[in-house]
Amino acid sequence: GYRDAKITKDTVYALDSTLLHIDINIDEGKKYYFGNITWLGNTIYTTELLNKILSIDKGDIYDESRLQEKIFGLEGISSLYLDNGYLFFNADPVELGSNSDSIDIQIRIYEGQQAVINNISVVGNTKTNDHVIYREIRTRPGELFSRSDIIRTQRELAMLGYFDPETMEVNPQ
């Protein structure tokens, strides 16, 4: 909640040849809280559902990283859209201003159109037959895009032991 915090003074000096002493003076400023949170552009999901998933209430201590996680994290608002085919979904939280110690937020939603999987291709496989990979893939051409299905597919392919999980990439085009 201390979004105005700043370092006002710092000093570093040696106590001896192996130890340093560091003094840091911080001005925390005042503590901020979430004010009204409104939604703009949501037509697929109701404001009530989005508020429930966001789970940030007016009066909660302001925490921008928490807001970002609740919108873009694996269990956030973006997952709701991305698991229902809205590959081009975007959300833009905008601070509308602050009055005294509260910050009003408007979350601007761009839903876009649902994306349908057209084709799935495997590139660079030299470890096994491609059909072994295709049978593990959770998505099929003609189905709606789903981020959670893609994540599960990556996890299951990694468990086969043929591939380095860090080099596997899924690139929607």
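Before any of the text, the structure's been laid out above.
About the thresholds
Residues numbered from 1 in each chain as written. Predicted model: local features only at pLDDT ≥ 70, side-chain atom pairs only at ≥ 80, totals over all residues. Heavy atoms only, no water. Pairing = 2+ DSSP bridges. Helix = DSSP H or I, 4+ residues; strand = E, 2+ residues; numbered from the N terminus. Axes fitted to C-alpha atoms, helices over the stretch in contact; angles between N-to-C directions. Contact = heavy atoms within 4.5 Å. Phe/Tyr/Trp six-rings, centres within 6.5 Å; stacked < 30°, edge-to-face > 60°. Buried < 20%, exposed > 50% of the residue type's maximum accessible area, 1.4 Å probe, protein only. Lys NZ or Arg CZ within 6 Å of the ring centre and 35° of its normal. Lys, Arg positive; Asp, Glu negative; His and termini not counted. Salt bridge = Lys/Arg side-chain N within 4 Å of Asp/Glu carboxyl O. Polar contact = N/O pair within 3.5 Å; in protein donor to acceptor, adjacent residues only side chain to side chain.

1. Brief notes about the sheet that holds strand β3 (residues 33-40)
The pairing of strands in a sheet comes from backbone hydrogen bonds and takes either a parallel or an antiparallel form.
Move 1: Taking strand neighbours across the sheet as the criterion, the 3 strands line up as β3-β5-β4 in an open arrangement whose pairing is mixed. Of all the strands in the sheet, the pair left with one neighbour each is β3 and β4 (90-99). Within the sheet, the average angular offset between the axes of one strand and its neighbour, ignoring direction, is 20°.
Move 2: One ladder, built from 9 bridges, connects β4 with strand β5 (residues 102-110); its direction is antiparallel. The partner of Ser98 across the bridge, within β5, is Ile103.
Move 3: Those strands touched by helix α1 (residues 47-54) are β3 and β5, and its axis lies near 140° from that of β3.
Move 4: With respect to the sheet, helix α2 (residues 64-72) is in contact with β3, β4 and β5, its orientation differing from that of β4 by roughly 150°.

2. Structural notes on the packing of aromatic side chains
Move 1: Tallied over the entire structure, the rule returns 4 aromatic pairs.
Move 2: An angle of 80° between the planes, with centres 5.8 Å apart, marks the rings of Tyr81 and Tyr86 as edge-to-face. Neither residue differs from the other here; Tyr81 and Tyr86 are each classed as buried.
Move 3: Residues Tyr81 and Phe89 carry aromatic rings whose centres are separated by 4.4 Å and whose planes lie at 10° to one another, so their mutual orientation is stacked.
Move 4: Take Phe89: its relative accessible area is 10%, and that puts it in the buried class.
Move 5: An aromatic cluster is built from Tyr45, Tyr81, Tyr86 and Phe89, whose rings are joined through pairwise contacts.
Move 6: The ring centre of Tyr32 lies 5.5 Å from the NZ or CZ of Arg3, which sits over that ring.
Move 7: It is Arg3 that lies over the ring of Tyr62; its NZ or CZ is 5.4 Å from the centre.

3. Quick look at the side chain of Glu111
Move 1: Position of Glu111 relative to the elements: it lies in the loop between β5 and α4 (130-136).
Move 2: One buried charge, Glu111, has no salt-bridge partner; the nearest side chain with opposite charge is Arg108, at 14 Å.
Move 3: Within the structure, the side chain of Glu111 is placed 2.5 Å from the side chain of Thr43, a separation counted as a polar contact.
Move 4: Once you skip the residues sitting within four places of it in the chain, Glu111 turns out to touch Gly41, Asn42, Thr43, Ile44, Tyr45, Tyr81, Tyr86, Phe88 and Phe89.

4. A short note on the pattern of salt bridges
Move 1: Applying the stated criterion across every chain, the model contains 4 salt bridges.
Move 2: Arg3 is the salt-bridge partner of Glu95, the closest N and O atoms lying 2.8 Å from each other. Taken together, the residues span a long stretch of sequence, with Glu95 in strand β4 and Arg3 in the segment before β1 (6-14) at a distance of 92 residues.
Move 3: Since its relative accessible area comes to 39%, Arg3 is described here as partly exposed.
Move 4: Here Arg152 and Asp149 are joined by a salt bridge, their closest N and O atoms 2.6 Å apart.

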